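The primary structure of each chain is shown beneath.
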Number of protein chains: 2
Amino acid sequence: MSLKVVIIGAVAAGPKAGCRIKRLLPEAQVIMLDRDDLISYGGCGIPYYVSGDVSELQGLMSTSFHMVRDADFFRGAKGIEVRAGHEALAIDRAAKTLRVRDMKAGEEYDLAYDYLVIATGSQPFIPPIPGADLPGVMPVADLHHAETIKSLVAQGQVSSAAVIGAGATGLEMAEAMADLWGVEVHVFEMAAQVLPGALDQEVAHMLANHLRAQEGINLHLGAKVEAILPGEDGRAAAVKADGAEYEADLVIMATGVKPSADLAREAGLELAANGAIRVDQAMRTADPAVFAAGDCVAVRHLLSGEELYIPSGSLANRQGRVLGSNICGGRAVFPGVLGTFCIKLFGLSAARTGLDEAQCRKLGIEAVSPLVVQADRAHFHPDMRLMYLKLTVEKESRKVLGCTALGENGDAVVGRVNAVAGMLPFGAKVEEVSNLELAYSPPLGAAVDILNAAANTAENLIAGKLRPMPPEEFSRRLHEEDGKTCFLDMRAIDNAAPFLESLAPRWVHLPQETLTQRLDEVPRDRDVVLVCNSGVRSYEAQVMLDAAGIKNTYNLSGGVAAVKKWGEPILPAEEE
Amino acid sequence: MSLKVVIIGAVAAGPKAGCRIKRLLPEAQVIMLDRDDLISYGGCGIPYYVSGDVSELQGLMSTSFHMVRDADFFRGAKGIEVRAGHEALAIDRAAKTLRVRDMKAGEEYDLAYDYLVIATGSQPFIPPIPGADLPGVMPVADLHHAETIKSLVAQGQVSSAAVIGAGATGLEMAEAMADLWGVEVHVFEMAAQVLPGALDQEVAHMLANHLRAQEGINLHLGAKVEAILPGEDGRAAAVKADGAEYEADLVIMATGVKPSADLAREAGLELAANGAIRVDQAMRTADPAVFAAGDCVAVRHLLSGEELYIPSGSLANRQGRVLGSNICGGRAVFPGVLGTFCIKLFGLSAARTGLDEAQCRKLGIEAVSPLVVQADRAHFHPDMRLMYLKLTVEKESRKVLGCTALGENGDAVVGRVNAVAGMLPFGAKVEEVSNLELAYSPPLGAAVDILNAAANTAENLIAGKLRPMPPEEFSRRLHEEDGKTCFLDMRAIDNAAPFLESLAPRWVHLPQETLTQRLDEVPRDRDVVLVCNSGVRSYEAQVMLDAAGIKNTYNLSGGVAAVKKWGEPILPAEEE
């Protein structure tokens with residue numbers, strides 16, 4: 001008799017597992033259940049459907065070549081039987097059967113399995129905010145929400161919207177509504193930064209500054225949403241946060257998701273502290289006949305060893321394949337995660353992999369993570385944009401732990417982060433990133449790539465040759481005016497002039513190439529911040545001054561370019 | 001007394017070494033010589049100056065923030081003394097002195113050193129073609145050539161040009177002249193492909209097809225240039241190749257470069273068989289006081305161990321830094337090269353790293369290198385373009401050896417190849433690319449990235465689950481009409497209809513989802529090529545047919561998308 005596999009859940013991990021099994025063991029019988037009729041879709045595409053980038057909902061449910069992945073498709077093309085509108089009620093592990101309800105017919109039946117795959121995904125986490133259950137308040141959990149939101153927005157019924165939660169979904173939805181549809185958007189986030197947990201604080205600040213200043217998104221960080229208030233028609237009409245009220249015809253709950261693990265828990269399978277199903281590297285639960293994958297399972301961080309919950313369509317697909325191989329007798333392994341992440345918002349993209357500065361601090365790892373600003377290809381090429389990149393390196397072991405980058409050429413940003421993601425599982429050292437042989441041609445790369453440069457900077461920092469000052473600290477010092485800090489501008493006079501005009505005598509002009517002749521002009525009685533455009537000349541100046549015995553200096557990381565991206569005005573004129 | 005370092009050559013490796021030394025040992029005395037007055041430039045930028053992408057020659061000699069890197073800059077900002085117009089004549093290793101001629105003053109002098117850095121770069125290799133010395137024939141070796149060529153083209157004095165050599169410089173110059181200036185360009189290449197040695201044959205064929213069909217570049221591959229013929233004014237007027245004559249007001253010799261290693265050879269330093277200076281991983285010659293870096297040295301391939309000559313501004317910079325560290329007492333290492341390369345031509349970009357199929361064959365390595373075609377981000381996103389990618393994997397060890405990619409989004413192409421470049425030095429296995437955690441978000445990546453998919457395909461191929469047929473073989477079989485091959489179109493009828501009309505009965509329509517019901521329609525007496533749009537459905541069909549005992553099938557790699565890119569017409573109508 002042929003192998004019988006039952007899969008619960010038909011969105012990402014489930015279909016991937018099913019297809020893999022049918023490719024390896026075409027004679028296997030695979031039955032895939034889902035409560036919903038809409039199956040096998042790219043949920044991450046929902047904001048792009050709302051924005052209009054994707055015009056048809058079917059686009060999110062199709063293959064690259066326009067085959068709709070519905071029940072007929074899975075039956076005909078994949079040999080998988082899909083039972084949509086069927087809900088899994090209980091697992092009888094001893095009998096190896098699954099209790100199922102046909103939701104339309106209202107009937108229940110038992111389904112026997114040799115192997116069971118739990119791919120039940122996630123469900124929205126809705127915080128206990130008064131008014132969260134009003135009409136006009138909704139999460140972005142499935143294609144039904146996508147259709148509702150898009151039709152409201154497209155029909156002009158939303159002039160102002162609130163998004164609760166500044167994670168990826170929240171920000172992408174904010175962009176979708178503001179960009180094409182001109183909706184006034186307020187985003188409320190409990191944490192002090194956008195993308196908490198997903199993006200380095202400093203880079204997140206730069207991204208937030210861009211969303212606010214360039215794109216007009218109203219970001220409320222560190223905000224406490226107290227209630228969602230109804231209008232006269234009983235629908236949500238405003239959000240009350242930190243005592244103020246903000247109009248909102250539509251409130252999107254982008255407050256994250258939690259694993260759908262009830263079925264597994266009730267069957268006595270082990271859950272992690274974060275509530276997700278615990279599996280081994282083969283994606284198998286403690287029951288050898290039961291596997292699980294996708295948004296319902298816990299994952300292990302490859303570097304920190306922490307047990308995490310990271311819902312992601314990309315992980316789901318890779319886990320589904322591993323699991324499918326193993327059900328067919330293979331020995332495939334899903335070793336763990338790096339937390340690689342990226343987001344594109346209004347033409348600015350950010351990406352990260354591994355551990356960032358704050359995560360290292362939390363884990364008690366002593367690491368450096370200098371900010372480097374450099375052209376993303378030959379600086380003389382017209383497609384060039386500045387990139388802002390932080391490479392995180394453990395001090396003692398010199399092991400590379402992570403990378404975060406930001407820039408306008410999204411593919412270039414992601415490309416750098418992906419290159420580091422490829423090296424992290426091997427325990428790469430900082431020298432190996434210094435020597436990393438990236439492709440070079442002026443339209444596509446730089447002779448000394450920003451990744452090489454970032455590794456060089458981290459190396460110098462570990463060697464004690466560099467005393468950096470991050471843009472945040474620079475801004476603080478600039479606004480203190482307590483006479484304890486002096487700023488030495490190492491650039492040409494035309495760059496320095498407006499700063500001198502506003503900020504002298506605290507701002508002093510001393511071009512780097514004249515430095516050796518003018519050592520006596522460097523103040524010794526105060527902290528001296530060395531300033532140039534990108535942080536390179538000021539680093540050279542610091543080395544020269546150190547050699548001359550002048551060690552009261554700090555090098556502004558990433559130079560004026562970084563401060564501008566950071567978003568604090570330097571000149572009073574910029575404060576308008 | 002402070003350390004005295006003399007550097008010969010002030011283009012890329014030399015300046016980098018000098019700056020590194022001054023940063024580590026500010027008290028060191030660094031003297032950098034160059035025969036030329038134009039120093040420290042990005043030679044790889046020359047085609048972009050000719051095309052007009054870079055408007056000023058100074059752009060190629062400036063820092064990111066518009067500081068011109070001339071002798072004054074090096075003296076003031078870096079503390080390096082530059083002697084431009086000074087030629088190194090001979091090294092006296094015993095006395096540790098360098099014989100130098102001041103070319104302007106016509107005087108010679110000796111320069112003592114503690115350490116000598118040879119960064120003499122390369123010089124054009126000019127093949128012995130009759131007429132190669134005519135006026136109007138020139139290489140693209142330095143900024144002087146760049147200026148001459150651009151002024152000729154910009155003044156309208158070039159209506160047709162010939163480029164001899166289809167390496168990176170040759171093709172970039174062809175693009176520069178054809179794209180903006182509308183020059184009719186003929187490119188002559190001895191080898192049977194463009195970018196020989198630099199790009200996988202199959203991908204190079206796709207790129208060549210694009211240059212010919214889309215951009216009107218006249219490519220003559222496998223061509224023998226017999227002579228360059230003068231016009232009445234004595235200047236080059238035509239190129240004679242394979243018996244035919246082609247008008248050319250300008251002939252560019254892009255026939256490669258050779259190391260400038262005479263000085264080293266005459267000083268008794270060891271050269272590699274390829275004529276370049278042999279150094280160890282510290283970039284030191286056999287003489288502990290003499291280092292060398294850049295286009296004059298030989299490099300070792302990290303995977304094959306071969307001693308190669310790969311001139312590159314990017315390698316030069318990394319080597320210069322390693323060498324500088326070591327002169328200052330460090331223990332830095334330049335471990336070798338992967339041959340990472342990229343090029344952008346008319347909106348199509350190609351990149352590679354490591355070893356390709358043909359290189360493996362030459363080295364006697366048994367490897368697979370299937371062609372995979374997939375969207376470069378979520379297939380429903382409007383920025384999506386197809387990418388064509390080959391991952392090379394050693395069969396027995398399952399070690400990843402290289403990657404080649406092609407596509408319209410150049411940063412995305414390079415990003416994939418760079419991710420593999422980061423993994424190659426660690427001996428990554430194919431499973432590690434299957435599991436590679438690349439950043440995913442619909443505008444920037446796919447849930448199953450093409451790299452993951454390529455690794456999966458390579459794995460299936462090694463496991464014997466896949467019998468691919470490359471586009472070249474497909475085209476050959478299609479044109480043979482010998483009745484030995486039948487083509488099974490697995491797509492929907494609207495895709496298949498025009499093919500059926502032209503090619504039936506050899507072309508048979510059998511949609512993949514109907515296959516299990518129609519097994520008896522699959523011919524058993526001929527080779528059967530399974531065809532779909534991208535090679536995924538045809539792979540599934542092959543698995544199904546194998547399970548049914550029908551094993552006379554081949555899966556068209558990359559599907560119709562790959563054949564189209566390959567450039568052979570499938571339908572008679574396309575042949576016009």
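Residues numbered from 1 in each chain as written. Chains lettered and ligands numbered in written order. Predicted model: local features only at pLDDT ≥ 70, side-chain atom pairs only at ≥ 80, totals over all residues.

Draft legend 1. Geometry of the overall build of chain A. When helices and strands are tallied, chain A shows 16 helices and 31 strands. Taking 2.2 N^0.38 as the reference for a compact globule, 576 residues should give roughly 25 Å; the C-alpha atoms of chain A span a radius of gyration of 27 Å, in line with that estimate. Along the three orthogonal principal directions, the C-alpha set of chain A runs to about 90 × 60 × 40 Å. Residues counted as buried form 57% of the 576 residues belonging to chain A. Partitioning the intrachain contacts of chain A with sequence separation of at least 6 by distance along the chain shows that 65% fall at a separation of at least 24. (Helix = DSSP H or I, 4+ residues; strand = E, 2+ residues; numbered from the N terminus. Rg over C-alpha atoms; globule rule 2.2 N^0.38 Å. Buried ≥ 20, exposed ≤ 12 C-beta atoms within 10 Å, placed from the backbone. Contact = placed C-beta atoms within 7 Å.)

Draft legend 2. Summary view of the interface of chain B and chain A. Counting residues at the interface gives 82 residues for chain B and 81 residues for chain A. When residues of the side of chain B that touches chain A are traced back to their parent elements, those giving at least two are α3 (71-78), α8 (313-327), β21 (341-345), β22 (348-354), β24 (371-375), α10 (410-423) and α15 (536-547) of chain B. With twelve residues, the top contributor of residues to the side of chain B that touches chain A is α10(B). The class makeup of the residues in the side of chain B that touches chain A is 42 nonpolar, 29 polar and eleven charged. (Nonpolar A, V, L, I, M, F, W, Y, C, P; charged D, E, K, R; others polar.)

Draft legend 3. Broad picture of the relation of the copies chain B and chain A. Mapping chain B onto chain A leaves a residual RMSD of 0.0 Å; the transformation is a rotation of 180° accompanied by 0.0 Å of translation along its axis. Taken together, these values place the two copies in the relation of a two-fold axis. Here 99% of the interface residues in chain B have copies in chain A that are interface residues too; the copies meet face to matching face. (Least-squares fit on C-alpha atoms with pLDDT ≥ 70 in both.)

Draft legend 4. Expanded view of the sheet that holds strand β27 (residues 468-469) of chain A. Residue and element names in this part refer to chain A. Read from one edge to the other, the open sheet built from five strands follows the order β27-β31-β30-β28-β29, with strand pairing classed as parallel. The sheet is open, and its two borders are formed by β27 and β29 (507-509), each paired with just one other strand. Contacts from helix α14 (residues 493-503) reach β28 (485-489) and β29, with the element oriented near 150° to β29. Contacts from helix α15 (residues 536-547) reach β30 (527-531) and β31 (553-556), with the element oriented near 165° to β31. (Pairing = 2+ DSSP bridges. Axes fitted to C-alpha atoms, helices over the stretch in contact; angles between N-to-C directions.)

Draft legend 5. Region of the structure containing the sheet that holds strand β6 (residues 107-112) of chain B. Residues and elements named next belong to chain B. The three strands lie next to each other as β4-β5-β6, forming an open sheet whose pairing is antiparallel. Two strands lie at the open edges of the sheet, namely β4 (86-92) and β6, each paired on one side alone. The sheet shows a mean angle of 25° between the axes of neighbouring strands, taken without regard to direction. Here β4 runs beside strand β5 (residues 97-102); their pairing, made up of six bridges, is antiparallel. The residue of β5 that forms the bridge with Glu 87 is Arg 101.

Draft legend 6. Structural view of the environment of Ala84(B). All names here are of chain B. Among the secondary structure elements, Ala 84 is positioned in strand β3 (residues 80-84). Each C-alpha atom, one on Ala 84 and one on Leu 195, is 34 Å from the other, the two residues being 111 residues apart in sequence. If we skip the residues at most four places from it in the chain, Ala 84 touches Asp 34, Asp 36, Asp 37, Ile 39 and Ala 71.

Draft legend 7. Quick look at unusual backbone geometry. Residue and element names in this part refer to chain A. Between Ala 504 and the following residue, Pro 505, the backbone shows a cis peptide bond with an omega angle of 5°. Counting through the fold element by element, Pro 505 comes out in the loop between α14 and β29. Backbone geometry places Leu 195, a non-glycine residue, at a positive phi of 50°. Relative to the helices and strands, Leu 195 is located in the loop between β11 (184-189) and α6 (201-213).

Draft legend 8. Here's a closer look at the domain arrangement of chain A. Residue and element names in this part refer to chain A. For chain A, the domain assignment lists domain 1 (4-41 + 54-122 + 258-327), domain 2 (137-255), domain 3 (341-462) and domain 4 (468-575). Of note, the centres of domain 2 and domain 4, computed from C-alpha atoms alone, are 38 Å apart. In this assembly, five residues from domain 2 lie in contact with five residues from domain 4. When grouped by side-chain class, the residues that make up the side of domain 2 that touches domain 4 number two nonpolar, two polar and one charged. (Domains from an automatic or database assignment.)

Draft legend 9. Structural context of helix α4 (residues 143-154) of chain B. Residue and element names in this part refer to chain B. Its twelve residues give α4 an end-to-end C-alpha distance of 16 Å, which sits within 8% of 16 Å, the value for a rise of 1.5 Å per residue. All of the buried residues along α4 are Leu 143, Ala 146, Ile 149, Leu 152 and Val 153. On its buried face, α4 is in contact with α2 (46-51), α5 (168-179) and β16 (250-253). Gly 156, located one to two residues past α4, shows a positive phi value of around 75°. (Expected span 1.5 Å × (residues − 1).)

Draft legend 10. Quick peek at the packing of helix α10 (residues 410-423) of chain A against α10(B). Their axes nearest at 7 Å, the elements α10(A) and α10(B) cross at an angle of 15°. One way to sum up the angle between α10(A) and α10(B) is to call them roughly parallel. Note on packing geometry: the crossing formed by α10(A) with α10(B) is right-handed. For the pair α10(A) and α10(B), the contacting residues are Asp411(A), Ala412(A), Val414(A), Gly415(A), Asn418(A), Ala419(A), Val420(A), Ala421(A), Gly422(A) and Met423(A) in the first and Asp411(B), Ala412(B), Val414(B), Gly415(B), Asn418(B), Ala419(B), Val420(B), Ala421(B), Gly422(B) and Met423(B) in the second. Classifying every residue of the contact of α10(A) with α10(B) gives twelve nonpolar, six polar and two charged. (Parallel < 35°, antiparallel > 145°, perpendicular 65-115°, else oblique. Left-handed = near helix turned anticlockwise from the far one by under 90°.)

Draft legend 11. Local environment of the confidence of the model for chain A. Residues with a pLDDT of 70 or more make up 99% of chain A, whose mean pLDDT is 94. In the predicted assembly, ipTM is 0.95 and pTM is 0.96. (pLDDT = per-residue confidence, 0-100.)

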